[in-house]
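Residue-level listing of the chains:
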Amino acid sequence: MAALARITHKAHLPFPAATTTSSSKPRAARICMSLQESGPSLAVVGVTGAVGQEFLSVLSDRDFPYRSIKMLASKRSAGKHMTFQDRDYVVEELKADSFEGVDVALFSAGGSISKEFGPIAVERGTIVVDNSSAFRMVEGVPLVIPEVNPEAMEGVRLGTGKGALIANPNCSTIICLMAATPLHRSAKVVRMVVSTYQAASGAGAAAMEELELQTREVLEGKPPTCKIFSQQYAFNLFSHNAPVLSNGYNEEEMKLVKETRKIWNDTNVKVTATCIRVPVMRAHAESINLQFENPLDEEAAKDILKNAPGVVVIDDRAANHFPTPLEVSNKDDVAVGRIRRDVSQDGNYGLDIFICGDQIRKGAALNAVQIAELLL
C-alpha cells in the first residue's frame, strides 16, 4: 500500500495535490464531521485496491456522513490495519454475512466479486454502488453519472430496508459524457467519435507500479518487467488491453458505445470509439468529435461548458494551453479544451473537443460517492 501511495502522488509533484474541485473555493481547516449517528452504515469492498483507497479519500474530502464503516477485502488482505479519519480499522475478509446492518456498500473488487456478493448484499437490504462492469448493461439496474442522469435512480432510497444495485459507468464513459452531455442537451448529438488515451490506473494499482518499475528499468538499460501487460508500457502506447470482439472492437470501446446509449436513453445515437493505453499514471485523455442535429457554434459551446457542473474549461489558444493529464490528476473536475468547429462539416453542426479527467477519482471513486450522496 505504501508503494501505491508513492505512485499516485510522486509523478505529480510540480502540481498542487488539492482534492477539491477546481471550481470550488478552498475549504477552511475544520473538524471532520463525517462520523454521525444519523448517517448510514457503510462498507467498502476492495478497500486495499487503488479505487478502494480513493473511495476513502473521497468520503473524507466530501465529509460523507456515516455512523460506521467496514473495510472489506480478500482473505489475503484480511487482518491488515488501516487508518481512516484518525481511527484504526482492521480489514475484514469479504463474506456472505459481511453486509448485515450495512446501508450502503461501495464495490470495486472486480466483476466476479461483484456478481457473487452484490446480489447477496442486496438481499440483506444493502444499496450497492458497483464500480465493475458486472451490472452496467443489466436491464433495470441504473447506470448513473449524477451530473448527467440522476433521475435514473429515482425510487432508490435509504431507510426503506430494500436493497438495490446501482452501477458506476466505465471510467472513459464518465469522463466523456461529463463534457458531451451539456452539449447534447443543447444541440442533440447524433454521432460521436471518441479516441481515448488511457492511464495505467485504469488497470489497477499493480499496473501503476509496473509502469513506474518499467520506466526505471528502461532508463537503466534493463529489459522491462511485463507482468500486467504483455508488452513494454513505458515510453510506448498500444491498443487497449481489453479483449477484442468479433466485430473488431475491443470490450473497452463497446462499453463506451453501449453505456452512452443507456445513460442518454437514446438507442439511436451513433457512437464509435478507439481506446489506447498510454504511459500516464492516473488521468485519461479523450479526443471527441461531435455531430449535432441542431447548430451549435464554438462560442456557445464554450459558454455551455463553463457553466456545466463538474467541468472546467482550459482553452487558451494564444498560450497553446489546453487540458493535460497532470493538471487534472487528483482533481475532481473534468477539463475541456481544443473547442473548435469541425471544418469537415457544413455550418455549425460539428465540434471537436479534447478532455482530461482523473480516472481514479471522477472516473471511479468520486462518481460512486456522488451516487451515494444522492441517497441521503
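Novice: How should the environment of Cys171 be read in this particular structure?
Specialist: Structurally, the position occupied by Cys171 is in helix 4 (residues 171-187). In the structure, Cys171 is positioned 81 residues away from Glu252 in sequence and 9.8 Å away in space, judged by C-alpha atoms. Setting aside chain neighbours within four positions, we find Cys171 in contact with Glu252, His284, Gln359 and Gly363.

Novice: How should I be thinking about the pairing of strand 7 (residues 127-130) in this particular structure?
Specialist: Looking along a regular strand, one sees side chains alternate from face to face of the sheet. Burial of the side chains of strand 7 extends over both faces: Ile127 and Val129 are buried on one face and Val128 and Asp130 on the other. Of the pairings in the sheet, the one linking strand 6 (residues 104-107) to strand 7 comprises four bridges and is parallel in character. Bridged to Ala105 within strand 7 is Val128. Regarding topology, helix 3 (residues 111-123) serves as the crossover connection from strand 6 to the parallel strand 7, and that connection is right-handed. Sheet topology places strand 7 next to strand 8 (residues 164-167); four bridges connect them, and they run parallel. What sits directly across from Val129, in strand 8, is Ile166.

Novice: What should I look at first to understand the packing of aromatic side chains in this one?
Specialist: What characterises a pair of aromatic rings is the spacing of the ring centres plus the angle enclosed by the ring planes. Considering all chains together, one arrives at six aromatic pairs under this definition. Residues Tyr233 and Phe238 carry aromatic rings whose centres are separated by 5.6 Å and whose planes lie at 55 degrees to one another, so their mutual orientation is tilted. A single burial state applies to Tyr233 and to Phe238, both of which are buried. Grouping aromatic residues by their ring pairs yields a cluster made of Tyr66, Phe84 and Tyr89. One cation-aromatic arrangement involves Arg338 over Phe322; the distance from NZ or CZ to the ring centre is 5.4 Å.

Novice: Can you walk me through the sheet that holds strand 9 (residues 189-198) in this structure?
Specialist: What holds strands together in a sheet is hydrogen bonding between their backbones, with the strands either parallel or antiparallel. The strand order across the open sheet formed by seven strands is 10-11-9-12-15-14-13, and the pairing between neighbours is mixed. Strand pairing shows two members of the sheet lacking a second neighbour, strand 10 (238-239) and strand 13 (311-313), which therefore form its edges. Pairing of strand 14 (residues 334-341) with strand 15 (residues 350-358) involves five bridges; the strand directions are antiparallel. Among the inter-strand pairings, Arg341 is bridged to a residue of strand 15, identified as Leu351.

Novice: Sorry, what's going on with the side chain of His240 here?
Specialist: With respect to the element layout, His240 can be found in the loop between strand 10 and helix 6 (251-264). A polar side-chain atom of His240 sits 3.1 Å from a polar atom in the side chain of Arg277. Not counting residues within four places of it along the chain, the set of residues in contact with His240 comprises Gln198, Asn250, Glu252, Cys275, Ile276 and Arg277.

Novice: What is the right way to look at the confidence of the model for the chain in this model?
Specialist: Close inspection of predicted coordinates is inappropriate in any region flagged by low pLDDT. With 91% of its residues at a pLDDT of 70 or more, the chain shows a mean pLDDT of 92. This model gives residues 1-31 a pLDDT under 50, and the stretch forms 46 contacts once residues within four places in sequence are excluded.

Novice: Before we go on, may I ask you to explain the pattern of salt bridges in this structure?
Specialist: Pairing is possible between side chains of opposite charge, provided their charged atoms come close. A complete count under the given rule lists 17 salt bridges for this structure. Glu54 is the salt-bridge partner of Arg282, the closest N and O atoms lying 3.3 Å from each other. Of the two residues, Arg282 is situated in the loop between strand 11 (270-277) and strand 12 (283-292) and Glu54 in helix 2 (residues 50-61); the sequence distance between them amounts to 228 residues. Residue Arg282 is classed as buried on the basis of its relative accessible area, which comes to 0%. Residue classification places Glu54 among the buried residues on the basis of a relative accessible area of 9%. The closest approach of N and O atoms between Arg216 and Glu212, which form a salt bridge, is 3.8 Å. Of the two residues, Arg216 and Glu212 are both situated in helix 5 (residues 205-219); the distance of four residues between them amounts to about one turn of the helix. The class for Arg216 is partly exposed, based on a relative accessible area of 39%. Here Glu212 falls in the buried class, since its relative accessible area comes to 12%. The structure contains a network of salt bridges with shared partners spanning Glu54, Asp61, Arg282, Asp332, Asp358 and Arg361.

Novice: Please clarify how the sheet that holds strand 1 (residues 41-45) should be interpreted in this entry.
Specialist: Strand order in the open sheet made by the six strands is 5-2-1-6-7-8, with parallel pairing throughout. Each edge of the open sheet is held by one strand with a lone partner, namely strand 5 (92-93) and strand 8. Along the sheet, helix 9 (residues 361-375) contacts strand 6, strand 7 and strand 8; its crossing angle with strand 6, the most-contacted strand, is approximately 165 degrees.

Analysis parameters
- Starting afresh in each chain, residues are numbered from 1 along the sequence in its written order.
- Only residues with pLDDT of at least 70 are given local features in this predicted model, and only at 80 or more are side-chain atom pairs given and counted; all residues enter the totals for whole chains, interfaces and linings.
- The basis for every side-chain value is the complete set of heavy atoms in the structure, and neither hydrogens nor water enter the calculation.
- Each helix is a run of H or I in the DSSP string that is no shorter than four residues. Each strand is a run of E no shorter than two, and both are numbered from the N terminus.
- By the convention used here, residues are in contact when the closest approach between their heavy atoms is within 4.5 Å.
- Relative accessible area decides the class of each residue, using a 1.4 Å probe on protein chains only: under 20% of the type maximum gives buried, over 50% gives exposed, and in between gives partly exposed.
- For two strands to pair, DSSP has to find at least two bridges joining them.
- Seen with the strands pointing away from the viewer, any crossover whose path from the first strand over the helix to the second strand runs clockwise is right-handed.
- Aromatic pairs are defined between Phe, Tyr and Trp rings, using the six-membered ring for Trp, whenever the two ring centres lie within 6.5 Å; interplanar angles under 30 degrees are classed as stacked, those over 60 as edge-to-face, and all others as tilted.
- Lysine NZ or arginine CZ positioned within 6 Å of the ring centre and within 35 degrees of the ring normal marks a charge as sitting over the ring.
- Residues adjacent in sequence count toward polar contacts only when both atoms are side-chain atoms; beyond that, a polar contact is any pair of N or O atoms within 3.5 Å, and within protein one must be able to donate a hydrogen and the other to accept it.
- One confidence number per residue, pLDDT, is output by the predictor and ranges from 0 to 100.
- Think of a salt bridge as a Lys or Arg side-chain nitrogen and an Asp or Glu carboxyl oxygen that are within 4 Å of each other.
- Axis definition: a line fitted to C-alpha atoms, limited for helices to the stretch in contact. Angles are taken between N-to-C directions and run from 0 to 180 degrees.

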